[in-house]
Amino acid sequence: MRPRDDGGRHCAVPDLNMPGTGIGNGPAGQGRTSGTASIQNDLGQRSARCHTMSIAAAFKDHEIFVTGASGFVGKALIEKLLRSCPSLKRIYVLMRPKKGHSIEERLQLQGETKLYDRLRREQPDAWSKLVPIAGDVEQLGLGICAADLERLRNVTIVYHSAASVRFDDPLRSAILMNTRGTHELVKLALAWKKLRAFVHVSTTYSNPSVLEVEERIYPPLADWRTTIKLAETYDEETLNIFNLKYGNFQPNSYTFTKSLAEHVVNEYKDQLPIFIFRPSIVVSTIEEPVPGWADNFNGPTGLLVACGVGILRSQNCDPNIVSDFVPADVVARGLILAAYKFLVEPEARAKDKPLYVVNCATANISTITMGEVIEIGKTYIRENPFEKTLWLPGGSMTLCPVLHFIRFCTMHLLMAVVVDTLLRLYNEKPFLMKLQRRIFAAFSALQVFAATEWHFQNQNFRALHNLVPEKEMDCFGFMQHANIDYVEFFQHAIRGAKEFLLHESPISSKSARFRMKIFYVLDYLCRAIVYSFLLRLIYRFVVSLW
């Protein structure tokens, strides 16, 4: 091996004339192809780790602007930045007053949650680096006042993760939030002369009609400028009339407007150091700051909780579909690494290059089907049940809509009627029928995703791992989690749902375990009664034929 001087840091590089490389020695052509490929691969991985600056040091003195800081991804990103990049100068977070709380109060309340316990221990002064900026992504200019715009003039990194992730949002609201909001931020960023990285957080499902999704931009479904003009001109009811037709029959307003937002980004790729980062279905954390943290019931977490409390007994979907889940802390690391790439590689910011796109997807790294998720969940929840379980955790999936409808009527609606009637008799407020309507509406919106399997190419995402210096691999790498133990992962996810979402103890109480035993007995008794009734009907029918 011979050393190479790379900005003051020595990196070992294979000598092409060394014996055994298959190149420069021996008869021509012998071992040349395989040897070249092997060395090029080694060189690529080594050179990626030979940057003169560590990841934490690369963020030193940077001023970062984050939208969507109160969302799932935004919270995980801010926690990771403050804890692992302590030398950054400041993080501006766009927030709006909500539920009677000012932006300062909202930020303080967010900082008091359990998510930031580790940050408070390791970097007790880091929270002071957060600066709330009053604004609203749905407003022109993001609703930011002139004084705050002056404070933002030295921003060097932008993370735009604000979006409406509700699939049933009216078209007008989704356009203003997801598409126009992106354009408004891009226009502001044009005035930030020190900007070095603009990360637009999209979704791998922004082109749902494409089943083999590459890391590139796809043809537009509509003109984004015209779409924004329509939303600014017409009211919500009018736009909803031709939603499906104008949206090219996309499954929902979310994927349609996120797709248009990608084309806003693409149009400004030669004027800004901008790129697209597409996470798939973001789920609870795998490692940090604590395993199992989540702040919403989206994705498999909500599915497991609904099954766990006994109110979800049937789902109309394919149990053999491989779903793409990515832990929130892996997303946060990917976002930091993608920005780091633009900070340390000037060629990444070069003009006249195709738009850089990262599919943050893991299904081809760690595979699991939806049926396996449900089985893992049912097994562990029965061992560690929720405190407010209404029935024995269970349920199953089916592709037959008729069978699902029968199950829904008998197991969902009938149970809701019985429970709500009992609540009324005890002068308590009924809730289960209303909840079942919400579950039905949610699954109707998700139906296309529950019956379709996508494949996301992720070469750019995998390559980000190669940027991580060896000494920071534990802190910023993610491929070390390639072989996820999904049983352990979803056990942590269920404990996290109990602690962070349902505000219960992560370990079940004795009374919860005792109720689970009672539900076992009741479930078997009910099954015995139903099966006996059905057998009696069949017997009478057969006898009548004789």
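Residues numbered from 1 in each chain as written. Predicted model: local features only at pLDDT ≥ 70, side-chain atom pairs only at ≥ 80, totals over all residues. Heavy atoms only, no water.

By the naming in an unreviewed UniProt entry, the protein chain goes by Fatty acyl-CoA reductase and is assigned to Drosophila guanche. As recorded by UniProt, the Sequence similarities (unreviewed entry) comment attached to the protein chain reads in full: "Belongs to the fatty acyl-CoA reductase family." Recorded in UniProt for the protein chain, the comment headed Catalytic activity (unreviewed entry) runs: "a long-chain fatty acyl-CoA + 2 NADPH + 2 H(+) = a long-chain primary fatty alcohol + 2 NADP(+) + CoA". (UniProt positions renumbered as here; feature names shortened; annotations may be inferred.)

Focus: the UniProt feature "domain: Fatty acyl-CoA reductase C-terminal" (unreviewed entry) in the protein chain
Those places that UniProt annotates as "domain: Fatty acyl-CoA reductase C-terminal" (unreviewed entry) correspond, in this numbering, to residues 411-504. Across residues 411-504, the secondary structure splits into 64% helix and 2% strand, with the terminal C-alpha atoms separated by 26 Å. (Helix = DSSP H or I, 4+ residues; strand = E, 2+ residues; numbered from the N terminus.)

Some remarks on the pairing of strand β4 (residues 90-95)
Side chains on a regular strand alternate between the two faces of the sheet. Counting buried residues in β4 gives 5 out of 6 residues, a clear majority hidden from the surface. Pairing between strand β3 (residues 63-67) and β4: 4 bridges, direction parallel. If you follow Glu63 over to β4, its bridge partner there is Arg90. Handedness of the β-α-β unit built from β3, helix α3 (residues 72-84) and β4 comes out right-handed. Note: β4 against strand β5 (residues 130-134), 5 bridges, orientation parallel. (Buried < 20%, exposed > 50% of the residue type's maximum accessible area, 1.4 Å probe, protein only. Pairing = 2+ DSSP bridges. Right-handed = clockwise from strand over helix to strand, strands pointing away.)

Brief notes about unusual backbone geometry
With an omega dihedral of 0°, the bond running from Glu288 to Pro289 counts as a cis peptide bond. Tracing the chain through its elements places Pro289 in the loop between β10 (281-283) and α12 (300-308). Located in the positive-phi region is Asp61, a residue other than glycine, with phi close to 65°. As for its placement among the helices and strands, Asp61 is situated in the loop between α2 (55-58) and β3. Phi is positive for Leu142, close to 60°, though the residue is something other than glycine. Among the secondary structure elements, Leu142 is positioned in the loop between β5 and α6 (146-151). Judged by relative accessible area, Leu142 falls into the buried class, the value being 1%.

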